[in-house]
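Understanding the architecture of this molecule
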Amino acid sequence: MATIPDLPTVEDSVETAMECNEEVTGDRGEMFSRLQTSLKRQIQICETNRKQFSKMGKISEVEKFEQMARSSRQDLDTLVGAHTHGDPIPRFHYEYRTLPSLKLCADLSESQAEVVIVRGVQYTPPSGYAAKDLDTYIKFEFPFPTDEPPSEKTHSKEGDNPEYEQSFKFPVNLSSRSFAGVVKRKSVKFEVYYKKGFLRSDGVFGTASLKLTDFEKKCEIHESLQLTEGRKQVGGKLEVKVRIYRPLSGIKHEFVREKWLVIDGSSKITTQMASSRSPSKSRTQQNSAPRDSIAVLKWTTDALEEKLSAMKAKRMVVPKEILAKHESMKRNLAQGQNILRQADSSLRQEYVQNLQQLLVTYHTEAKQALQSGNKDKAKQFMSKKNIVEKEIQSLR
């Protein structure tokens, strides 16, 4: 079994959280729907990561994602209950959480590859056919092994936006040189056939191919491929996925920044985790150490106030969302400053631990921004990192 490297950051990286000042608008039904969608997505993220870390034997990460999933399920139950009984939308907020993640398809093995034919998108019917008359299916060839490439086909589906949703698995050897050669040089070739009718041979509507070179660093390639006839586009796309257990370069441990919805008043994952680290087991959420840096929050609040002053000086109309964001930032800043003024030594120690985790978050964000070519964003995260370093020194 492949192994993953030791975690490059603090053990409790899953706990790193920062407030996300965002307003969700819309009528009551729309807001309930959007919030439920967010919570269901969070549960799916937790389940996916739980399975991946479980397969690698990382028990501590498994337990943390199980706990986060339970918290999101409790929030979902609270939300559904309020909607069912006609109650107001519960108070909620968003956080940014930096979560550990593996580039791994845990449901596959080292000896499997999977091809998923998802759907066709806006097929243009051949001459003489209407969209409602289309009856199509997909044939494709998987390029490994090269001496006898296996082929498969889907069931037929009607319409110009057919949902195929069929998957096929093929034997591979991720460690072999021959498969590495296939990844570098070969493609999966797809043909879209349409039925012409009784006693007539089926015709090829269009073709597409998917290169596999991304498997060097990815375990899943998900694309919508333009259909062509030779070099000519025939209209429409084919959505497909190809997956292997791990990237050929090895299993990668990375950190992903997620916007996380929390229903206020439900059991909080951050509160539970903070209490597990804190000497005081009975501390309430209101007396927990701030998750975000007070110094950084003051810096960003001051920057926004300068922006507002400049806009007012130019007699510009300030958007309501910016004013709401400013008020929210001032409230969070005042609340955090008040908690620290009254903090005992154990609370201050917990706050320093939170700041140390933020150093990891800002460093990761700066690195990712620099890799994507966004130097200004990277510079901003490094400025925040420097502010936090100075804040830690002042608290010691």
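Whatever comes next refers back to the structure up there.
Residues numbered from 1 in each chain as written. Predicted model: local features only at pLDDT ≥ 70, side-chain atom pairs only at ≥ 80, totals over all residues. Heavy atoms only, no water.

1. Some words on the side chain of Ser72
- By the secondary structure assignment, Ser72 is in helix 2 (residues 59-84).
- Sequence-distant contacts of Ser72, that is, excluding residues within four places in its chain, are made with Leu39, Gln42, Ile43 and Trp260. (Helix = DSSP H or I, 4+ residues; strand = E, 2+ residues; numbered from the N terminus. Contact = heavy atoms within 4.5 Å.)

2. Considerations on the pairing of strand 3 (residues 112-121)
- With eight of its 10 residues buried, strand 3 lies for the most part within the structure.
- Sheet analysis places strand 3 next to strand 7 (residues 163-171), joined by seven bridges and oriented antiparallel. From the neighbouring strand, Val116 faces strand 7, where its bridge partner is Ser167.
- Alignment of strand 3 against strand 11 (residues 232-244), held across eight bridges, turns out to be antiparallel. Note on strand 11: the bridge partner recorded for Val116 is Lys241. (Buried < 20%, exposed > 50% of the residue type's maximum accessible area, 1.4 Å probe, protein only. Pairing = 2+ DSSP bridges.)

3. Remarks on the environment of Gln380
- Mapped onto the secondary structure, Gln380 falls in helix 8 (residues 375-395).
- The class for Gln380 is partly exposed, based on a relative accessible area of 41%.

4. Description of unusual backbone geometry
- For the bond running from Phe144 to Pro145, omega is 0 degrees, close enough to zero to count as cis.
- Secondary-structure assignment places Pro145 in the loop between strand 4 (135-141) and strand 5 (151-153).
- For Glu165, which is not glycine, the phi dihedral falls at a positive 50 degrees.
- Relative to the helices and strands, Glu165 is located in strand 7.
- Positive phi, close to 60 degrees, is recorded for Arg315, a residue that is not glycine.

5. Digging into the state of the cysteines
- Applying the stated criterion across every chain yields a total of zero disulfides.
- Here Cys219 stays unpaired: no disulfide links it, and the sulfur of Cys105, its closest cysteine neighbor, is 3.5 Å away. (Disulfide = S-S within 2.5 Å.)

6. Details of the packing of aromatic side chains
- Evaluated as defined, the whole model comprises 10 aromatic pairs.
- Here the aromatic rings of Phe92 and Tyr94 are separated by 6.2 Å at their centres, their planes lie at 90 degrees, and the arrangement is edge-to-face. Residues Phe92 and Tyr94 agree in their burial class; the two are buried.
- Ring centres of Phe140 and Phe170 lie 5.9 Å apart, and the angle between their planes is 85 degrees; this geometry places the pair in the edge-to-face category. (Phe/Tyr/Trp six-rings, centres within 6.5 Å; stacked < 30°, edge-to-face > 60°.)

7. Thoughts on a positive patch on the surface
- Judged by side-chain charge, Lys184, Arg185, Lys186 and Lys189 come together as a positively charged surface patch.
- Relative to the elements of secondary structure, Lys189 occurs in strand 8 (residues 187-194).
- Here Lys189 falls in the exposed class, since its relative accessible area comes to 52%. (Patch = residues over 30% accessible without salt bridge, like charges linked within 9 Å, V, L, I, M, F, W, Y side chains within 5 Å. Areas by Shrake-Rupley, 256 points an atom, 1.4 Å probe, with all protein chains shown as cover. Salt bridge = Lys/Arg side-chain N within 4 Å of Asp/Glu carboxyl O. Lys, Arg positive; Asp, Glu negative; His and termini not counted. Charge placed at Lys NZ, Arg CZ, Asp CG, Glu CD.)

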